[in-house]
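A closer look at the structure
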Amino acid sequence: QVQLVESGGGSVQAGGSLRLSCAASGSIFSINIMGWYRQAPGKQRELVAAITSGGSTNYGDSVKGRFTISRDNAKNTVYLQMNSLKSEDTADYYCNAWVVVTTTFVGSNYWGQGTQVTVSS
C-alpha cells in the first residue's frame, strides 16, 4: 500500500557531505513522523533523525550538529543532509515513516529498502 524509496547514498571521504532523500508513495492519507535509521555491520539499528509533520525534530547524539533532517509534506519526502561525515557514519541508512492509509485509515510503520553510505578516512 505504501512504498518508501530512498536515494542519495554512496561513498565519500571523511569530512565530506551527502544528502539522502526518501519519497513515500501509495495509498497515503497522512504521514506523521518520518525519519532515518542506520545499521552498521554487527550493530543494532539506531535512530539517526526524525521529524514530525509539524517540523519538530529529534537527532541521535552522534549526529547532532552535523546532520539536518527536513521534509516536504506536499511531496511526502524526507531529506537528510549529512555534513562533516566520519568513518563511523558508515552504515546502511533506512527511511522510516508512520503512515495512515486511505483504505483503512489505520496507521502503520513502513521502512524503505535501505541505501548504503560509506565514509573513508
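Report on the accompanying structure.

So, how was this worked out
- All residue numbers refer to position in the chain's written sequence, counted from 1.
- This being a predicted model, a pLDDT of at least 70 is required before a residue's local features are given, and a value of 80 or more before pairs of side-chain atoms are given or counted; all residues contribute to the totals for chains, interfaces and linings.
- The side-chain quantities take in all heavy atoms of the structure and omit both hydrogens and water.
- One bridge is not enough; two strands pair if DSSP finds at least two bridges between them.
- Helix and strand assignments follow DSSP, with helices taken as H or I runs no shorter than four residues and strands as E runs no shorter than two, numbered in order from the N terminus.
- Angles shown run from 0 to 180 degrees and are taken between the N-to-C directions of axes, each axis being a line fitted to C-alpha atoms and, for helices, limited to the stretch in contact.
- When accessible area is computed with a 1.4 Å probe and restricted to protein chains, residues below 20% of their type maximum are described as buried, those above 50% as exposed, and intermediate ones as partly exposed.
- Contacts are assigned to residue pairs that have any heavy atoms within 4.5 Å of one another.
- Any pair of N or O atoms that falls within 3.5 Å is considered a polar contact. Within protein, one atom must be able to donate a hydrogen and the other to accept it, and sequence-neighbouring residues count only if both atoms are side-chain atoms.
- Between rings of Phe, Tyr and Trp, where Trp is taken as its six-membered ring, a pair exists when centres lie within 6.5 Å; planes separated by under 30 degrees are stacked, by over 60 edge-to-face, and by other angles tilted.
- Here, over-ring charges are defined by two tests on the NZ atom of lysine or the CZ atom of arginine: distance to the ring centre within 6 Å, and angle to the ring normal within 35 degrees.
- By definition, a salt bridge exists where a carboxyl oxygen of Asp or Glu is found within 4 Å of a side-chain nitrogen of Lys or Arg.

A word on the sheet that holds strand β1 (residues 2-7)
- Taken in spatial order, the 4 strands line up as β1-β3-β8-β7 in an open sheet, and their pairing is antiparallel. Pairing within the sheet leaves two strands with one partner each, and these edge strands are β1 and β7 (67-72). Taken pair by pair, the neighbouring strands of this sheet meet at an average axis angle of 15 degrees, ignoring direction.

Things to note about the environment of Q81
- Locating Q81 in the fold gives a position in strand β8 (residues 77-82).
- Classification of Q81 as partly exposed rests on a relative accessible area of 26%.
- Along the backbone, Q81 and G8 are 73 residues apart, and their C-alpha atoms lie at a distance of 10.0 Å.
- If we ignore the near neighbours within four places in the chain, the residues touching Q81 are S17, L18, R19, R66, F67 and T68.
- At 2.9 Å, the side chain of Q81 forms a polar contact with the side chain of N83.

Regarding the packing of aromatic side chains
- If you walk through the whole model with that rule in mind, you get 2 aromatic pairs.
- Between the aromatic rings of F29 and F105, the centroid separation amounts to 5.0 Å while the plane-to-plane angle is 80 degrees, which identifies the pairing as edge-to-face. Placement of F29 in strand β4 (residues 28-39) and of F105 in the loop between β9 (91-101) and β10 (107-111) is noted, with a sequence separation of 76 residues between them. Pair check on accessibility: F29 and F105 agree, each one exposed.
- The ring of Y79 carries the charged tip of R19 above its face, separated from the ring centre by 4.2 Å.

Considerations on the side chain of T115
- Note on placement: T115 falls in strand β11 (residues 115-120).
- Residue classification places T115 among the buried positions, given a relative accessible area of 12%.
- Of note is the side chain of T115, whose polar atom sits 3.4 Å from the backbone nitrogen of G9.
- With near-sequence residues (within four places) excluded, T115 lies in contact with E6, G9, L20, A91, D92 and Y93.

Comments concerning the pattern of salt bridges
- Scanning all chains against the criterion turns up 4 salt bridges.
- Salt-bridge contacts for K64 lead to D61; the nearest nitrogen and oxygen are separated by 3.1 Å.
- We classify D61 as exposed; its relative accessible area is 65%.
- For R66, the salt bridge identified is with D89, shortest N-O distance 2.7 Å. Placement of the pair is R66 in the loop between β6 (57-59) and β7 and D89 in the loop between β8 and β9, with a sequence separation of 23 residues. Accessibility assignment for this pair places R66 and D89 in one class, buried.
- Residues joined by salt bridges that share partners form a network here, namely R38, E46, R66 and D89.

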